[in-house]
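# Structural description and commentary
What follows is the residue order along each chain.
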Amino acid sequence: MSNHRSSRRDFLAGSAAVLAASGLADPRPATAVEAGPLRIAPDAPVRLGLIGVGGRGNELLRCAYTVKARFTVKAIADPNEANIGKTLEHIGKHGDDKPEVYRGEEDYRKLLAREDIDAVIIAVPPDLHARIYLDAFAAGKHMYAEKPMCVSVAEVNALVEAQTRRPDVLCQIGFQRRSSNFYREAIARLREGMCGEIFECLGAWRLSGGPLGLPDSGTQIWFGRAERSGDWMIEQACHTWDVMCWAAGDMPVAAYGRGRRGLFRHIDPQRDVTDFYLAQLEFPNGMLADFEHNWMCPQFDDEKREFTGIFERFTGPKGGIALGEWPRQARFFPRSGKDKCVDFGDLSKNTTEESVETFFRCLRSGEKPPSGVENGRLATLTGLLVRKAVYEGRRVEMKEILTA
Ligand SMILES: NC(=O)c1ccc[n+]([C@@H]2O[C@H](COP(=O)([O-])OP(=O)(O)OC[C@H]3O[C@@H](n4cnc5c(N)ncnc54)[C@H](O)[C@@H]3O)[C@@H](O)[C@H]2O)c1
């Protein structure tokens, strides 16, 4: 007898009902099974399904092996043969059994309907997130669900509703900074008032490589198509919005922005993402944030990174906290030179490994994951706000986003 499973309720409504209630079109036949979530015994391996096994899906799998999460991959779903091959090789190298493979666009639903799967790791392009996450909720599968949580207000509302209806389903949204020891410590100190009342944040994604999503990038071409990715304000800057909202305790009330598309049109005429933009965000606590997203930064070599970096720097009257995943930083700088800088946490830890480790810990302990639908909502809404501000080149208020 399996020591995983408690009971399974019959199919009630499936995610189609949630989609319909939120006004989202759902063209699919209703075949998903709404079931009770699987309980995982502390000593049992987690029986995993992988939905989307491209770059990120394989990185999350690598992390699961590295942190020695006890698991077995029962099935994978992905229509891309090359990515399936790499994943089977990856699993085979670890001496694990070959999982069942589902290759159709809609076959992830067959994976979700399996009774021998406790949890899924979902890493597909952003335009597919909401529907697959809703199906996972309906099937009662715990999930590590990559960011951005989704790409529209209707999807945000549907996912909030799904999590409210199914509090027993663990949904960790893939904002790895929320599980990072140094981010957690720094933000805790910031919120305790180490810098005084924060009035400024300076954030950036300044990049020189790529850009991601050029036509020769295989499945990853979606990065260069706004309709699929939601554009950089949703797909990538969502990490920064998540940190800003975490620090400020809420999402911004307004934003202004300007930007430029077409920086890489000479390579890809169809590319329509905004590879450069600047935005200013106003938070309810008075914090003003300045943000730059730029895929065309110069970079001489790995040492001379004058222009590049991914960071968030907060300033208050008593000092500032500089945080960043690249280059790594988590340091308090006092305003007075007489005082010492303070470093936070262990910067050598890989934040994605910490995040995956957290997921498996929460699965077994029943703890609430540090990143879920609540903060996923704030980050997506902030992305939608900034995107509208940049597209329209004006100051946009959050109420316009919420009432659209
Ligand atoms: N947290 C992070 O730092 C981070 C980093 C990179 C990517 N991501 C996110 O991970 C997700 C995937 O990004 P990626 O870089 O792996 O892209 P990718 O293109 O490399 O992989 C996506 C995979 O999804 C598959 N797919 C497409 N439709 C599918 C379907 N209907 N069913 C099952 N699989 C399907 C594709 O075939 C592909 O193998 C995106 O949401 C991205 O934003 C997060």
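The coordinates are above.
First things first, this report covers the structure right here in the doc.

### Focus on the site of the ligand
Lining the immediate environment of the ligand, one finds 29 residues, of which R56, D78, N83, T219 and E235 sit closest. A distance of 2.6 Å separates an oxygen atom of the ligand from a polar atom in the side chain of D78. H239 is positioned such that a nitrogen or oxygen atom in its side chain is 3.3 Å from an oxygen atom of the ligand. In isolation the ligand offers 840 Å² of accessible surface; the protein chains occlude 90% of this area. With respect to the detected pockets, the ligand is housed in the largest pocket. Taken together, the residues of the shell around the ligand break down into 12 nonpolar, 11 polar and 6 charged.

### Re the sheet that holds strand β6 (residues 171-173)
Read across the open sheet, the 6 strands follow the order β3-β2-β1-β4-β5-β6; overall the sheet is parallel. Each edge of the open sheet carries a strand with a single partner, namely β3 (100-102) and β6. Across the sheet, the mean angle separating the axes of adjacent strands is 20 degrees when strand polarity is ignored. Direction of pairing for strand β1 (residues 46-51) relative to strand β4 (residues 119-122): parallel, over a ladder of 4 bridges. Each bridged residue has a counterpart across the sheet, and for L50 the counterpart in β4 is I121.

### A few points about the packing of helix α7 (residues 181-192) against helix α10 (residues 238-248)
One way to put it is that α7 packs onto α10 with a least axis distance of 9 Å and a crossing angle of 35 degrees. In contact with Y183, R184, I187, L190 and R191 of α7, α10 contributes V243, W246 and A247. Taken together, the residues that form the contact of α7 with α10 break down as 6 nonpolar, no polar and 2 charged.

### Focus on unusual backbone geometry
Residues K147 and P148 are joined by a peptide bond in cis, for which omega reads -10 degrees. Inspection of the secondary structure puts P148 in the loop between β5 (142-145) and α6 (153-165). Between G210 and the following residue, P211, the backbone shows a cis peptide bond with an omega angle of 10 degrees. Among the secondary structure elements, P211 is positioned in the loop between β7 (200-206) and α8 (226-229). Its identity as a non-glycine residue notwithstanding, K68 has a phi of 55 degrees, on the positive side. The residue K68 is located in the loop between α2 (55-66) and β2 (71-77) in this model. Not every positive phi belongs to a glycine, and D231 is a case in point at roughly 75 degrees. The residue D231 is located in the loop between α8 and α9 (232-235) in this model. The exposure class assigned to D231 is buried, which follows from its relative accessible area of 0%.

### Things to note about the sheet that holds strand β11 (residues 309-316)
Reading across from one edge, β14-β13-β12-β11-β7-β10-β9-β8-β15 is the order of the 9 strands in this open sheet, with mixed pairing throughout. The open sheet is flanked by β14 (342-343) and β15 (396-397), the only strands paired with a single partner. Lying on the sheet, helix α12 (residues 373-392) is in contact with β8 (254-260), β9 (276-282) and β15; it crosses β8 at an angle near 55 degrees.

Quick notes on the rules
Residues numbered from 1 in each chain as written. Predicted model: local features only at pLDDT ≥ 70, side-chain atom pairs only at ≥ 80, totals over all residues. Heavy atoms only, no water. Near = heavy atom within 4 Å. Polar contact = N/O pair within 3.5 Å; in protein donor to acceptor, adjacent residues only side chain to side chain. Areas by Shrake-Rupley, 256 points an atom, 1.4 Å probe, with all protein chains shown as cover. 1 Å grid on protein atoms, 1.4 Å probe; cavity = no way out; pocket = protein on both sides within 12 Å on 5 of 7 lines; lining within 4 Å. Sits in = over half its atoms within 2 Å of the grid points. Nonpolar A, V, L, I, M, F, W, Y, C, P; charged D, E, K, R; others polar. Pairing = 2+ DSSP bridges. Helix = DSSP H or I, 4+ residues; strand = E, 2+ residues; numbered from the N terminus. Axes fitted to C-alpha atoms, helices over the stretch in contact; angles between N-to-C directions. Contact = heavy atoms within 4.5 Å. Buried < 20%, exposed > 50% of the residue type's maximum accessible area, 1.4 Å probe, protein only.

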